[in-house]
Structure formats: structure tokens, C-alpha cells
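What the coordinates show
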Amino acid sequence: MTDSKDQWPAALTARIAQMVKTRRGQLGMTTADLSSACDARGVPIAANTITKIEKGQRDSLKLEEAIVLAHALDLPLVALLVPLADQADIDLLPNVTTPVWEAAAWITGEDHLGEASPPGSARAVLAVFREHDVDVRTALISTREAHNRRLQARQALGSARYEQLARQADELDRMAHEDCTRLKAVRDQMRADGLHPAPLPSALDFVDSARPASADK
């Protein structure tokens, strides 16, 4: 725990500064490069300001500065705030010291995974989006597998393996259809609840149509 509440903002800024400097070096970016990247994202930060941040000459950062630095450095914002690899515990707040993973989980909303949240609450909405992401990945994988197996069956037409590959393709088609039907239902429910599901990968564009397409198309 920090010795003084007045020291905590500087300690937080120092953690962020170290991560910025480390990540910038990993990417081979100069301070001018990072400054340009921030400016391109709509939140200008001068190169000499970045130098001051990295040298510990700034006691605090604005929220928008932290966000744009993370985005420009291709880092999850949580990785900028919580140094998972450097220490076991972190001063999340002046009077709150916690293991680094618990701090990261709290920031990302994963600290109550598996626990029921009141419908419509922020945690419940996060859970819906998280489950939607899993459904998208599942449908993408099963659709791709069904398509590939169907291609293999067509290439084996007339051979001894054709019947086996065709049966496998049929089963994978069925699984892909179920996954895509579930995904469509989830997306429809999200919209009915006033939520905005993320755009689908192009391979799953058909899911938002009235009837999921067969994976072999």
C-alpha cells in the first residue's frame, strides 16, 4: 500500500509510463512516432510530453491520454493499468491493495464470472457480450470445418473414402447450422434488449439473414 494518498496518482502514472516505454521499444517506435499515432487517433500528445511521462516528470495522466496511448501501442487498456508480469500485488487504489490478476479481472469485469447478475446491470450486459463473442467464434469454427470437409468429400468423389467424408460433412453441416441458428437468436435478442452486437466476420454475414445458409455454399 502506498505511504500517502497523495503518492498514489504518481505511482499509477509511473506504472503506466514504464509500460509505455517498454511497449514503445518493443514496437521500435520513437516518441515522435507514438505522438503521431496518438494525433491520428484524435488525442494529440506531443513527443516531448511522452518523454516527460516516461521519465516520471508527470504526476498524473488524463483518462483520454491513457486510452489513446494504449490504442496507439496496440495494448489492451488493462495491460497499461496493471503490470501483470512485474509484481504479485498492486495498489489499485490508495487504500486497496490486491493481487494483480484480481485487479485486472475487476477492470475487465471478469471478477464475477459464473455469478448471476441482475438483468440489465452492467455486469449482466458484459456477460451477454462475452457470450456473444464465444458464439461467434464457435460458429466461425464449425462453419469453416463443415465447408472444408465438404470440399474434401467432393474431391474424393468416386473413391472409397467418399461415403465416410460425406457423412462427416453432413454431421458438421448439422452442427454448424445449430451454432449459426443459436448465434442469430442471440443477436436478435440483444437487439430486442437495446444492445448492439458487433458486426460479424464476412464468413458469417449470412447469419443475420432470415435463414442461416448451409455451410457448403
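Keep in mind that this is a model prediction, so the values were computed, not measured.

**A word on the side chain of arginine 23**
Counting through the fold element by element, arginine 23 comes out in helix 1 (residues 8-27). Here arginine 23 sits buried without a salt bridge, and the closest side chain of opposite charge, aspartate 74, lies 4.1 Å off (N-O distance). Not counting residues within four places of it along the chain, the set of residues in contact with arginine 23 comprises Leu73, Asp74 and Leu75.

**Points about the environment of lysine 21**
With respect to the helices, strands and loops of the structure, lysine 21 is situated in helix 1. It is 51 Å that separates the C-alpha atoms of lysine 21 and glutamate 171, two residues lying 150 residues apart in sequence.

**Regarding the nonpolar core**
Ranked by size, the top nonpolar core spans 20 residues in total, and within it Val20, Leu34, Cys38, Ile45, Leu69, Leu73 and Leu80 carry the most contacts. Elements with a minimum of two residues in this core: helix 1, helix 2 (31-40), helix 3 (47-54), helix 4 (63-72) and helix 5 (77-81). If you tally residues by element for this core, the top one is helix 4, at five residues. Contact partners of leucine 73, with chain neighbours within four places excluded, come to Val20, Arg23, Arg24, Leu27, Met29 and Leu34. With eight residues, the next largest nonpolar core counts Val136, Cys180, Leu200 and Val207 among its residues.

**Some points on the pairing of strand 2 (residues 96-99)**
Inspection of the sheet shows strand 1 (residues 89-93) paired to strand 2 by four bridges, in the antiparallel sense. Directly across from aspartate 89, in strand 2, lies its bridge partner proline 99. Connecting strand 1 to the next strand, strand 2, in antiparallel fashion are two residues.

**Section: a nonpolar patch on the surface**
Taken together, the side chains of Leu63, Ile67 and Leu77 present a nonpolar region at the surface, about 270 Å² in accessible area. Turning to its location among the elements, leucine 63 is positioned in helix 4.

Thresholds, definitions, all that
Residues numbered from 1 in each chain as written. Predicted model: local features only at pLDDT ≥ 70, side-chain atom pairs only at ≥ 80, totals over all residues. Heavy atoms only, no water. Helix = DSSP H or I, 4+ residues; strand = E, 2+ residues; numbered from the N terminus. Buried < 20%, exposed > 50% of the residue type's maximum accessible area, 1.4 Å probe, protein only. Lys, Arg positive; Asp, Glu negative; His and termini not counted. Salt bridge = Lys/Arg side-chain N within 4 Å of Asp/Glu carboxyl O. Contact = heavy atoms within 4.5 Å. Core = buried A, V, L, I, M, F, W, Y, C linked by side-chain atoms within 4.5 Å. Pairing = 2+ DSSP bridges. Patch = residues over 30% accessible without salt bridge, like charges linked within 9 Å, V, L, I, M, F, W, Y side chains within 5 Å. Areas by Shrake-Rupley, 256 points an atom, 1.4 Å probe, with all protein chains shown as cover.

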